[in-house]
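Listed here are the chains, written in short residue letters.
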Amino acid sequence: MSQRTERRGIHVDQSELLCKKGCGYYGNAAWQGLCSKCWREEYQRARQKQIQDDWALAEKLQREEEAAYASIQGAQSTPPQAQPGQASLGPFSKFEEKKTNEKMRKVTTVKKFFSPSSRTAPKKGRNVSTNTKRENREEKSLRDWRGIFTPSWEMGSPTEALVARLREAQEGKTPSPSISRQSSMETDRVSRDFVDFLKNLQKPGREIHKQCRAFIESMGNKKDLGADELSECVQDFYQNMSDRLMSHFKGSSESVERVMDQVEKYIMTRLYKSVFCPETTDDEKKDLATQNRIRALHWVTIEMLCVSMEEEIPEVSDNVVKAITDVIEMDSKRVPRDKLACITRCSKHIFSAIKITKNEPASADDFLPALIYIVLKANPPRLQSNIQYITRFCNPSRLMTGEDGYYFTNLCCAVAFIEKLDAQSLNLSPEEFERYMSGQASPRRNDSEGGWPQTAQALGGTTTTTNHVLTELHHNLELLSGLSSRQEKLMEAAQSLQSDLVSWQENVQHEVQGILEKYPLEIRPPAASAIDADNVENDRLPPPLTPQVFAG
């Protein structure tokens with residue numbers, strides 16, 4: 001009983017929402033608790049280390065093959081004296097030489113594979129150094145910047161582009177909407193709005209539009225990249241574009257943010273179908289797992305989560321419905337900023353519902369349990385894919401600070417809590433939790449009200465409230481027993497009426513049959529007679545008219 005009376009609730013310290021590096025920005029579970037800035041630094045560091053390790057492995061393999069080749073060449077330069085009767089070793093030596101050459105070609109292929117210069121063709125007239133193992137940060141940023149804004153026709157020869165398109169056609173791949181001209185109406189509308197917005201910037205607007213189009217075309221040639229690599233390309237473009245705009249607007253962050261919002265809307269609308277839930281990730285599998293998990297938790301009540309909302313109040317119920325609608329509507333948006341706006345509206349409706357219930361402003365401790373409850377009731381479609389899409393391709397400044405970043409971080413915490421929800425989280429016994437999850441039992445409203453006496457304590461009454469609940473429970477049981485007895489009496493009366501109807505029908509049939517037997521029906525044919533045979537007053541009729549002839 002003491003376990004049931006102690007309610008801990010769902011509490012998350014605000015420090016747990018911040019980046020683990022202590023930079024002051026909001027962290028994210030998808031980034032291992034880091035913010036986007038720190039995560040990119042860690043990712044770049046790990047990637048650079050992986051490239052160095054790959055280079056070291058390639059050089060080690062090359063040295064080993066060179067040593068083996070040198071030893072074989074030395075053995076061939078001093079052949080032993082052939083003894084009489086011994087076969088010649090010439091064919092075997094040629095076989096070993098051919099095998100060694102094949103290994104050397106494989107090593108060269110491995111080195112080319114790990115070489116950054118082999119992934120992206122350089123521009124014409126650009127001297128590429130063969131020793132690119134240790135590049136400094138400035139050269140790498142410059143190379144990434146040029147790679148982003150280099151048009152696709154300069155990235156390789158026309159023959160290579162034609163071969164790539166033929167290969168895609170053979171594999172049955174459909175071109176992305178960013179390359180093909182068959183864009184949707186929404187894409188066309190966004191493109192027109194973007195051009196109209198850039199007209200106010202005049203010359204910088206033309207340069208921004210040119211760079212955005214070049215970036216979209218370059219992304220069309222990177223379909224085989226993973227989601228992290230695509231995210232890195234987009235984030236690098238955001239960062240470089242923001243730096244250029246910052247120097248153009250001379251530090252006006254509001255102007256830069258306004259332009260970056262339009263840039264993000266234009267780019268992500270064009271790239272949505274190719275980067276949302278890509279085939280290289282397991283986002284779809286995570287969506288199904290989360291959806292099944294939420295369906296299995298349909299029995300979780302608002303009392304178990306200690307949510308400070310009373311849905312019986314009409315205003316609170318309206319806000320709950322609006323919050324559920326907003327979080328479901330998130331999947332219909334294409335731009336990460338629009339998806340974040342849906343999350344923000346949902347969160348504000350939750351705060352309004354809590355404020356109406358408590359008659360005071362809601363706190364952060366009240367918000368997270370209510371958000372978990374809304375997510376469980378809504379079961380948003382493709383929840384994991386939308387979270388990953390926002391994480392990968394949203395402007396990082398929105399996720400690190402502001403109310404959008406705060407609400408999005410809480411949504412990630414709510415999803416993580418749902419995935420790890422257990423009996424201890426709801427203050428239930430493991431047996432009860434398993435019965436509820438398996439569907440063998442379902443928590444009833446009266447049981448939940450009688451099982452959480454801490455709610456009565458919060459309202460100022462303990463024993464009185466519990467006794468009131470028990471009294472109401474007994475009263476409901478008496479009503480149910482009375483209804484049961486009345487139903488039994490009604491069924492007995494219906495059966496009696498049915499038997500009376502059957503006996504009445506049988507009696508009527510028996511009486512009719514007796515009358516027919518006692519007085520049989522005789523049908524006599526009528527006698528034939530003249531037309532006026534029955535007329536007794538024929539003598540009073542006037543004589544018939546006779547024709548008379550007049551002389552002319």
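About the thresholds
- Residues numbered from 1 in each chain as written.
- Predicted model: local features only at pLDDT ≥ 70, side-chain atom pairs only at ≥ 80, totals over all residues.
- Heavy atoms only, no water.
- Helix = DSSP H or I, 4+ residues; strand = E, 2+ residues; numbered from the N terminus.
- Buried < 20%, exposed > 50% of the residue type's maximum accessible area, 1.4 Å probe, protein only.
- Contact = heavy atoms within 4.5 Å.
- Areas by Shrake-Rupley, 256 points an atom, 1.4 Å probe, with all protein chains shown as cover.
- Salt bridge = Lys/Arg side-chain N within 4 Å of Asp/Glu carboxyl O.
- Patch = residues over 30% accessible without salt bridge, like charges linked within 9 Å, V, L, I, M, F, W, Y side chains within 5 Å.
- Expected span 1.5 Å × (residues − 1).
- Phe/Tyr/Trp six-rings, centres within 6.5 Å; stacked < 30°, edge-to-face > 60°.
- Axes fitted to C-alpha atoms, helices over the stretch in contact; angles between N-to-C directions.
- Parallel < 35°, antiparallel > 145°, perpendicular 65-115°, else oblique.
- Nonpolar A, V, L, I, M, F, W, Y, C, P; charged D, E, K, R; others polar.
- Core = buried A, V, L, I, M, F, W, Y, C linked by side-chain atoms within 4.5 Å.
- Arc of directions from axis to C-beta.
- Polar contact = N/O pair within 3.5 Å; in protein donor to acceptor, adjacent residues only side chain to side chain.

Asker: I'm lost on the overall build of the protein chain in this one. Help?
Answerer: Scanning the protein chain for helices and strands turns up 22 helices and zero strands. For the protein chain, with 552 residues in total, the buried portion stands at 32%. Long-range contacts, defined as pairs at least 24 residues apart, comprise 74% of the intrachain contacts of the protein chain with a sequence gap of at least 6. For the protein chain, the computed accessible surface area is about 36,200 Å², with 53% contributed by carbon and sulfur atoms.

Asker: Would you mind going over the pattern of salt bridges with me for this structure?
Answerer: Side-chain pairs of opposite charge can arise whenever the charged atoms involved come near each other. Per the counting criterion, the structure on display carries 15 salt bridges. Measuring nitrogen to oxygen at the nearest pair gives 3.0 Å for the salt bridge that ties R398 to D261. Residue R398 is found in helix α17 (residues 396-400), and its partner D261 is found in helix α11 (residues 253-275); the two are separated by 137 residues along the sequence. An identical accessibility class is assigned to R398 and D261; each is buried. Taking the shortest distance from any N to any O, the salt bridge between D282 and K286 comes out at 3.9 Å. Owing to a relative accessible area of 35%, K286 belongs among the partly exposed residues under this scheme. Look at the salt bridges and you will find they share partners, linking D326, E329, K333 and R345 into a network.

Asker: Could you clarify how one ought to interpret unusual backbone geometry in this entry?
Answerer: Comment: phi is negative for the bulk of residues other than glycine, and the bulk of peptide bonds are trans. Even without a glycine there, the phi angle at R382 is positive, about 50 degrees. Positionally, R382 belongs in the loop between α15 (364-378) and α16 (383-393). Under the relative-accessibility criterion, R382 is labelled partly exposed at 38%. Even without a glycine there, the phi angle at N427 is positive, about 60 degrees.

Asker: So what exactly am I meant to see when it comes to the environment of I372 here?
Answerer: Along the chain, the position of I372 falls in helix α15. For the pair I372 and A416, spaced 44 residues apart in the sequence, the C-alpha separation amounts to 9.9 Å.

Asker: It is not clear to me how a nonpolar patch on the surface should be interpreted in this structure. Could you clarify?
Answerer: Together, L470, L473, L477, L480 and L483 line one region of the surface with nonpolar side chains, adding up to about 450 Å² of accessible area. Within the secondary structure layout, L480 lies in helix α22 (residues 463-518).

Asker: So what exactly am I meant to see when it comes to helix α14 (residues 336-358) here?
Answerer: In an α-helix there are 3.6 residues to a turn, and that puts residues three or four apart on one side. Along its 23 residues, α14 runs 33 Å from first to last C-alpha, staying within 8% of the 33 Å computed at 1.5 Å per residue. Those residues of α14 that fall on the buried side of the exposure criterion are P336, K339, L340, C342, I343, T344, C346, S347, I350, A353 and I354.

Asker: Any chance you could explain the packing of aromatic side chains here in plain terms?
Answerer: Two measures describe an aromatic ring pair: the distance that separates the ring centres and the angle between the ring planes. For the structure on display, the rule yields 13 aromatic pairs. Consider the rings of Y272 and Y389, whose centres lie 5.5 Å apart with planes at 85 degrees: the pair is edge-to-face. Pair noted here: Y272 is in helix α11 and Y389 is in helix α16, with a separation of 117 residues, a long-range link. Both residues of the pair, Y272 and Y389, count as buried. Between the aromatic rings of F367 and Y406, the centroid separation amounts to 6.4 Å while the plane-to-plane angle is 25 degrees, which identifies the pairing as stacked. Residue F367 is located in helix α15, and its partner Y406 is located in helix α18 (residues 402-419); the two are separated by 39 residues in the primary sequence. The class for F367 is buried, based on a relative accessible area of 0%. Aromatic ring contacts, followed pair by pair, group Y272, F276, Y389 and F393 into a single cluster.

Asker: What am I meant to see in the packing of α14 against α18 here?
Answerer: Close contact between α14 and α18 brings their axes to 9 Å; oriented N to C, the two are set at 80 degrees. Our classification of the angle between α14 and α18 gives roughly perpendicular. Along its contact with α14, which presents L340, I343, T344, S347, K348 and F351, the element α18 presents E403, D404, Y407, F408 and L411. Of the residues contributing to the contact of α14 with α18, the split by class is six nonpolar, two polar and three charged.

Asker: How should I be thinking about the nonpolar core in this particular structure?
Answerer: Generally speaking, nonpolar side chains in soluble globular proteins are found buried as a group. Residues W299, V300, L305, M309, I350, I374 and L426 are the most contacted members of the largest nonpolar core, which totals 53 residues. Elements with a minimum of two residues in this core: α13 (314-329), α14, α15, α16, α18 and α19 (430-438). Looking at this core element by element, the count peaks at 10 residues for α15. Here M309 is in contact with I302, V316, V320, A353, I354, T357, A370 and Y373, once residues within four sequence places are set aside.

Asker: What's the story with α13 in this structure? I'm lost.
Answerer: Between its terminal C-alpha atoms α13 stretches 22 Å, which fits the 22 Å expected from 16 residues at 1.5 Å a residue. Buried residues of α13: V316, N319, V320, A323, I324, D326 and V327, and no others. For α13, the angular spread of buried residues about the axis comes to 160 degrees, placing them on one side. Away from its buried face by more than 90 degrees, α13 exposes P314 and V321. At its buried positions, α13 is contacted by α14 and α15.

Asker: Explain the side chain of T269 here, please?
Answerer: With respect to the helices and strands, T269 occurs in helix α11. On the accessibility criterion, T269 (2% relative accessible area) is buried. A polar contact of 2.5 Å, which involves the side chain of T269, links it to the backbone oxygen of K265. Other than its neighbours up to four places away in sequence, T269 contacts T187, V190, E264, R334 and V335.

Asker: Explain the environment of A378 to me, please; I cannot follow it from the model alone.
Answerer: Note on placement: A378 falls in helix α15. Distance from A378 to I324, taken between C-alpha atoms, is 5.4 Å for residues 54 residues apart in sequence. Sequence-distant contacts of A378, defined by excluding residues within four places in its chain, comprise I324, V327 and I328.

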